[in-house]
Amino acid sequence: MPKTFRPSRLAAAAQVDRIEQRREYDKRRDEQEWRGWYKTARWQKLKMRVHIRDLFVCQVTGILCVGKHPAPNSPVADHRIEHQGDPDLFWDEENVRTVSKAYHDGERQREQAAGRGRGGGSKVYRRTPPDRLP
């Protein structure tokens, strides 16, 4: 039998490139100052106020978020409008809502990735008055 062409080597090389690109992206992202805001007591308090305000109910799907991380029904504090490092948007309690981890890690991430175009450009977000937030 003749040897067959095995593109698996090409696929493996492409996978290594993707892994390396992801590592570089993660490193750049982690160097941003606003990433540290999530580790502050101030954020933990704001997040808890939002969950209590929303009665631990996902504001998108309506499911009760009673699980403990990493359960799909655990509560996640989600910024309605991506803050992109803007402290006013980050700390605005009206810009934060309770969503389930399943929604946040699935549909919400796809929405945000589609909005960013994955790989280039950045959206300009204008501050939306609290009465007009989705």
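The model shown is predicted, which means the values in this text are computed figures rather than measured ones.

Each helix and strand counted, the protein has 4 helices and 2 strands in total. Its helices and strands in sequence order give the protein the pattern α-α-β-α-β-α, from N to C terminus. The buried share of the protein, reckoned over its 134 residues, is 28%. If you take every contact in the protein between residues at least 6 apart in sequence, the share linking residues at least 24 apart comes to 63%. Summing over all exposed atoms, the protein offers an accessible surface of approximately 9,800 Å²; the carbon and sulfur share of this is 53%.

All chains considered together, the criterion is met by 8 aromatic pairs. Between the aromatic rings of Phe90 and Trp91, the centroid separation amounts to 4.7 Å while the plane-to-plane angle is 75°, which identifies the pairing as edge-to-face. For the residue pair Phe90 and Trp91, the accessibility class agrees, reading buried in each case. Among the aromatic residues, ring-to-ring pairing joins Trp34, Trp37, Tyr38, Trp43, Phe90 and Trp91 into one connected group. Its guanidinium or amino end placed over the ring of Trp91, Arg42 lies 3.9 Å from that ring's centre, counting from NZ or CZ.

Further remarks concern the pattern of salt bridges. Tallying each qualifying case throughout the model produces 7 salt bridges. In this structure, the salt-bridge partner of Arg108 is Glu111, at a minimum N-O distance of 3.5 Å. Placement of the pair is Arg108 and Glu111 together in helix H4 (residues 101–116), with a separation of 3 residues, close to one helical turn. Residue Arg108 is classed as buried on the basis of its relative accessible area, which comes to 7%. On the basis of relative accessible area, Glu111 is assigned to the partly exposed category, the value being 36%. Look at the salt bridges and you will find they share partners, linking Asp78, Arg97, Arg108 and Glu111 into a network.

Cut-offs used in this document
Residues numbered from 1 in each chain as written. Predicted model: local features only at pLDDT ≥ 70, side-chain atom pairs only at ≥ 80, totals over all residues. Heavy atoms only, no water. Helix = DSSP H or I, 4+ residues; strand = E, 2+ residues; numbered from the N terminus. Buried < 20%, exposed > 50% of the residue type's maximum accessible area, 1.4 Å probe, protein only. Contact = heavy atoms within 4.5 Å. Areas by Shrake-Rupley, 256 points an atom, 1.4 Å probe, with all protein chains shown as cover. Phe/Tyr/Trp six-rings, centres within 6.5 Å; stacked < 30°, edge-to-face > 60°. Lys NZ or Arg CZ within 6 Å of the ring centre and 35° of its normal. Salt bridge = Lys/Arg side-chain N within 4 Å of Asp/Glu carboxyl O.

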